[in-house]
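This is what each chain is made of:
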Amino acid sequence: MSETQLLPIKLPKTSSLLCWGIITLSIMSCLASPDYNIIIGFLILFFRGINNSEKQKILSRLQLQVLIISFIFDFFWILKYNSYWTHGDETSEIWRSLSFIHNFAFFLIVGEILLKIPLCLFLYKEFSENQGSIKDLVNFDYKPKSGE
């Protein structure tokens, strides 16, 4: 891989397509609310682009941890904003005019979550091939152990 190349040529197609899908949906959902999933998608693509076998175990775990944390944020976002984005007769006319864009953004967030599920499974498969133990997922110490 050359120094000017952001992603390696042999990037797994499945994970990159899922990341680009998440990024695309995030950009569109920014019409109604700021969406951090753009950053999550680019972070995962960036980590996948690092071609360093010494750090691959740590990067594999880091990608999966970032994705799991983003699931938690998505869950709380849906819980919080679903109750605020009501558009009934008791709301103002201006607020009711935003119902389409709010519903559109909400469905895009659901689409992002649905894209994250296979991406998470793909990354977990890669993680288990590199490290194996599920208890390592709660370990946030990224220093390589002696012997790695």
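Refer to the structure presented above.
Q: I'm lost on the pattern of salt bridges in this one. Help?
A: Pairs can form between side chains of opposite charge once their charged atoms are near each other. On inspection of all chains with the given rule, the structure shows 1 salt bridge. Lysine 116 is the partner of aspartate 74 in a salt bridge, and the nearest nitrogen-oxygen pair spans 2.6 Å. Residue aspartate 74 is located in helix H3 (residues 56-84), and its partner lysine 116 is located in helix H5 (residues 99-130); the two are separated by 42 residues in the primary sequence. The exposure classification of aspartate 74 matches that of lysine 116, with both residues buried.

Q: Before we go on, may I ask you to explain the side chain of serine 70 in this structure?
A: For serine 70, the position within the fold is in helix H3. Serine 70 gets classed as buried once you look at its relative accessible area, which sits at 1%. At 3.0 Å, the side chain of serine 70 forms a polar contact with the side chain of lysine 116. Once you skip the residues sitting within four places of it in the chain, serine 70 turns out to touch Tyr36, Asn37, Ile40 and Lys116.

Q: Can you help me understand the nonpolar core in this one?
A: Among soluble globular proteins, nonpolar side chains are generally buried collectively. Ranked by internal contacts, the top residues of the largest apolar core, which has 18 residues, are Ile44, Leu64, Leu67, Leu119 and Leu123. Elements that contribute at least two residues to this core include exactly helix H1 (13-29), helix H2 (37-49), H3 and H5. Per-element accounting of this core gives the leading share, 5 residues, to H3. The contacts of leucine 119, once residues within four sequence positions are left out, are Ser15, Leu18, Cys19, Ile22, Ile44 and Leu67.

Q: How do you make sense of the side chain of aspartate 74 when you look at a structure like this?
A: A relative accessible area of 2% places aspartate 74 in the buried class. For aspartate 74, the contacting residues outside a window of four places in its chain are Tyr36, Asn37, Ile113 and Lys116.

The rules behind the values
Residues numbered from 1 in each chain as written. Predicted model: local features only at pLDDT ≥ 70, side-chain atom pairs only at ≥ 80, totals over all residues. Heavy atoms only, no water. Salt bridge = Lys/Arg side-chain N within 4 Å of Asp/Glu carboxyl O. Helix = DSSP H or I, 4+ residues; strand = E, 2+ residues; numbered from the N terminus. Buried < 20%, exposed > 50% of the residue type's maximum accessible area, 1.4 Å probe, protein only. Polar contact = N/O pair within 3.5 Å; in protein donor to acceptor, adjacent residues only side chain to side chain. Contact = heavy atoms within 4.5 Å. Core = buried A, V, L, I, M, F, W, Y, C linked by side-chain atoms within 4.5 Å.

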